[in-house]
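Single-letter residue listing:
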Amino acid sequence: MDCIFCKIANKEIPSELIYEDDNVVAFNDLSPQAPIHFLVIPKKHYESLNDIDSQVVFGQIFSTIPKIAEKLNIKEYRTVVNTGKSAGQTVFHLHVHVMSGRNFTWPAG
Ligand code: 5GP
Ligand code: ZN
């Protein structure tokens, strides 16, 4: 399968991972929208949130975020999951955006 995030997760594409465990990896976004902007993804391919087959997946992803935040010394951040084209999803491997280091407006654009 030609999926850029699978390639990052299985290290076919070398990239600097900021977190890795058996199920999840995190890495900086190529096109950061904030001073800190990283993505947390499951190693297993799910096209989007609509495809998850277990609530464990999201627990694994979200429970890593405070650990990474602590490592980066951030306490406040925006988390975003875009699901589907109209919601802004451009890479169809489930990922959570984590952004920090500036003020964010609400509602999101
Ligand atoms: P989406 O728009 O699907 O919610 O988010 C996809 C994100 O992946 C975008 O913020 C985009 O900058 C990032 N991205 C796309 N391709 C790559 C890549 O090859 N490497 C990294 N690190 N980020 C990528
Ligand atoms: Zn994938």
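Asker: Help me understand the side chain of His37 in this model?
Answerer: Its location among the elements puts His37 in strand 3 (residues 36–42). Residue His37 is classed as buried on the basis of its relative accessible area, which comes to 4%. Among the polar contacts listed, one links the side chain of His37 to the backbone nitrogen of Gln33, at a separation of 2.9 Å. Side-chain polar atoms of His37 contact the side chain of His97, separated by 2.9 Å. Residue contacts for His37: discarding those within four places in its chain leaves Asn28, Asp29, Ser31, Pro32, His97, Val98 and Met99.

Asker: I tried to follow the packing of aromatic side chains on my own but got confused; where do I start?
Answerer: Enumeration according to the criterion identifies two aromatic pairs in this entry. Ring plane angle 75° and centroid distance 5.3 Å describe the contact between Phe5 and Phe27, whose orientation is recorded as edge-to-face. Taken together, the positions of Phe5 in helix 1 (residues 4–9) and Phe27 in strand 2 (residues 24–28) put the pair 22 residues apart, joining distant regions of the chain. When its relative accessible area of 7% is taken as the criterion, Phe5 is described as buried. Here the aromatic rings of Phe58 and Phe62 are separated by 5.0 Å at their centres, their planes lie at 45°, and the arrangement is tilted. Placement of the pair is Phe58 and Phe62 together in helix 2 (residues 55–72), with a separation of four residues, close to one helical turn.

Asker: How should I be thinking about the site of ligand 1 in this particular structure?
Answerer: Taken together, 16 residues lie around ligand 1, and Asp29, Asn82, Gly88, Thr90 and His97 are the ones closest in. Contact distances for ligand 1 include 3.2 Å between a nitrogen atom and a backbone N or O atom of Leu30. The side chain of His97 places a nitrogen or oxygen atom 2.7 Å from an oxygen atom of ligand 1. Summarising the interface, the protein chains cover 81% of the accessible area of ligand 1, which totals 520 Å² for the free molecule. When each cavity is represented as a set of grid points, ligand 1 is found to reside in the largest pocket. Secondary-structure elements contributing two or more residues to the shell around ligand 1 are helix 1 and strand 2. Here the shell around ligand 1 gets three residues from one element, more than from any other, and that element is helix 1. Looking at the shell around ligand 1, its residues break down into seven nonpolar, eight polar and one charged.

About the cut-offs
- Residues numbered from 1 in each chain as written.
- Chains lettered and ligands numbered in written order.
- Predicted model: local features only at pLDDT ≥ 70, side-chain atom pairs only at ≥ 80, totals over all residues.
- Heavy atoms only, no water.
- Helix = DSSP H or I, 4+ residues; strand = E, 2+ residues; numbered from the N terminus.
- Buried < 20%, exposed > 50% of the residue type's maximum accessible area, 1.4 Å probe, protein only.
- Polar contact = N/O pair within 3.5 Å; in protein donor to acceptor, adjacent residues only side chain to side chain.
- Contact = heavy atoms within 4.5 Å.
- Phe/Tyr/Trp six-rings, centres within 6.5 Å; stacked < 30°, edge-to-face > 60°.
- Near = heavy atom within 4 Å.
- Areas by Shrake-Rupley, 256 points an atom, 1.4 Å probe, with all protein chains shown as cover.
- 1 Å grid on protein atoms, 1.4 Å probe; cavity = no way out; pocket = protein on both sides within 12 Å on 5 of 7 lines; lining within 4 Å.
- Sits in = over half its atoms within 2 Å of the grid points.
- Nonpolar A, V, L, I, M, F, W, Y, C, P; charged D, E, K, R; others polar.

As far as function goes, none of this settles anything; it's purely spatial.
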